[in-house]
Amino acid sequence: MDIKTAQILDGKALAERILTELRSRIQVLQTEVGRPPGLAVLVVGNDPASAAYVRNKERACAKVGITSFGQHFPTDTTQVELDQVIQALNQDAQVDGILVQLPLPKHLDAVSLLHQIDPDKDADGLHPVNLGRLVRGEPGLRSCTPAGVMRLLEEYDIELQGKRAVVIGRSILVGKPLALMLLAADATVTIAHSRSSDLPAITKQADILIPAVGRPELITADMVKLGAVVVDVGISRITDTVGSRLVGDVQFNSVREVAQFITPVPGGVGPMTVSMLLQNTVLSYSKWRPDAPKAT
Ligand code: NAD
């Protein structure tokens, strides 16, 4: 195969299109439901990266017509206080999605908070019930970053059936749910991780290579099969002679010479994640249509 340079998988442009579609859908649904959809984002403490992520999410909500119920709590907020906030949001008929922005201050138990969220309002798709639905292949709210990766692959008609997909990283946030989604799409899936031996031997087998590690430029051209599809989930901030900037897990300039498709960082998976968060919120919201099937 003769690859000149890889085609860019443009997550930014696709995410914009998804937001436009969601906006139109919300306009129609709103006349039936009688209120706009609502997303509650809980932030505790003063992590600067979290603040930037939350601003991003709120801006996207405003673009499509989702009301954001942002709640910012001081660092010393207790677990019991947050449990009570989540219980109230579970009951609040204006709120369709709830998420707790990570990281949390050390004294708080993020998993326990996640368990409190009504699975039907779990906009991040990380509640055990929704992960269980994913394992079983049942409909449910899907984890946003893996869902964004799958949507991007679908948009560019990338064949997955029978292909060798390698996911690097086994987190509950990205690696594990992504591997399950690729499996559901009939790929032959390998999960590599920090204890895998001979990573290059594994990555070189991949028709679809998806690193989700958080190590700047871990993946170099010699680790990539000619003609592979490379989707870079990693985001790290580095400071070098060029200045401070975001980079992925992939050495973009060298890998684009061997890959057939590649995502940039930023502008690849990141914007897709936000669009899937809003899509999950609208999915929960659409259950309030008068003619929507009722849960039994
Ligand atoms: P994590 O730290 O929970 O998991 C990292 C995984 O990488 C682990 O499973 C570990 O086994 C594996 N790993 C670590 N070192 C490795 C090595 N040398 N070789 C192979 N595997 C190794 O991180 P996470 O929450 O899954 O996030 C991963 C990356 O994706 C981070 O850079 C994060 O910022 C980014 N991320 C991006 C988005 C997005 O929207 N683009 C969303 C979530 C996370």
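Just so it is clear, the model here is predicted, and its values are computed rather than measured.

Explain the domain arrangement of the protein chain to me, please; I cannot follow it from the model alone.
Interfaces are often sized by the accessible area lost when the parts come together. Domain annotation of the protein chain identifies domain 1 (32-124) and domain 2 (143-270). Between the C-alpha centres of domain 1 and domain 2 there is a distance of 28 Å.

How should I be thinking about the sheet that holds strand S9 (residues 229-230) in this particular structure?
Hydrogen bonding along the main chain pairs the strands of a sheet, whether they run parallel or antiparallel. Spatially, the six strands line up as an open sheet ordered S1-S12-S9-S8-S6-S7, and their pairing is parallel. The sheet terminates laterally at strand S1 (7-8) and strand S7 (188-192), the two strands that pair on one side only. Alignment of strand S8 (residues 208-211) against S9, held across two bridges, turns out to be parallel. Considered in S9, the bridge of Leu209 is made with Val230. Docked against the sheet, helix H7 (residues 175-184) engages strand S6 (164-168), S7 and S8, running at close to 170° with respect to S6.

What is the right way to look at helix H10 (residues 269-285) in this model?
For the α-helix, the turn length of 3.6 residues means that residues three or four positions removed from each other point alike. Taking 1.5 Å of rise per residue, the 17 residues of H10 would be expected to cover 24 Å, and the 24 Å separating its terminal C-alpha atoms lies within 8% of that figure. Of all the 17 residues making up H10, twelve are buried; the element is thus mostly covered by neighbouring parts of the structure. Here H10 has its buried residues at Val269, Met272, Val274, Ser275, Met276, Leu277, Leu278, Asn280, Thr281, Val282, Ser284 and Tyr285. Of the surrounding elements, those touching the buried residues of H10 are helix H1 (11-33), strand S2 (38-44), helix H2 (48-64), strand S5 (97-100) and helix H6 (144-155).

How should helix H3 (residues 79-91) be read in this particular structure?
In this model H3 runs 19 Å from its N-terminal to its C-terminal C-alpha over 13 residues, within 8% of the 18 Å that 1.5 Å per residue would give. Within the sequence span of H3, burial applies to Leu82, Asp83, Val85, Ile86, Leu89 and Asn90. End-on view of H3: buried residues confined to an arc of 160°, all on one side of the axis. Away from its buried face, by an angle of more than 90 degrees, H3 presents the exposed residues Val80, Gln84 and Gln91. Looking at the packing, one finds that the buried side of H3 touches S2, strand S4 (71-73), S5 and helix H4 (110-116).

What am I meant to see in the environment of Gln91 here?
If you trace the backbone, Gln91 turns up in helix H3. Note: C-alpha distance between Gln91 and Asp118 (27 residues apart in sequence) is 9.0 Å.

Help me understand the pairing of S2, please; the structure alone is not making it clear to me.
Walk down a regular strand and you will see the side chains alternate between the two sheet faces. With respect to burial, S2 is a largely interior element, seven of its seven residues being buried. Alternating residues of S2 divide into Gly38, Ala40, Leu42 and Val44 and Leu39, Val41 and Val43, and every residue in both groups is buried. Examined bridge by bridge, S2 and strand S3 (residues 67-68) share two bridges and lie parallel to one another. Bridge assignment links Gly38 to a residue of S3, and that residue is Thr67. When S2 meets S5, the two strands line up parallel, connected through four bridges. Opposite Ala40, over in S5, you have Ile98 as the bridge partner. Both S2 and S4 contribute to a ladder of three bridges, which runs parallel. Bridge pairing in S4 links Val43 to His72.

Calculation criteria
- Residues numbered from 1 in each chain as written.
- Predicted model: local features only at pLDDT ≥ 70, side-chain atom pairs only at ≥ 80, totals over all residues.
- Heavy atoms only, no water.
- Domains from an automatic or database assignment.
- Pairing = 2+ DSSP bridges.
- Helix = DSSP H or I, 4+ residues; strand = E, 2+ residues; numbered from the N terminus.
- Contact = heavy atoms within 4.5 Å.
- Axes fitted to C-alpha atoms, helices over the stretch in contact; angles between N-to-C directions.
- Expected span 1.5 Å × (residues − 1).
- Buried < 20%, exposed > 50% of the residue type's maximum accessible area, 1.4 Å probe, protein only.
- Arc of directions from axis to C-beta.

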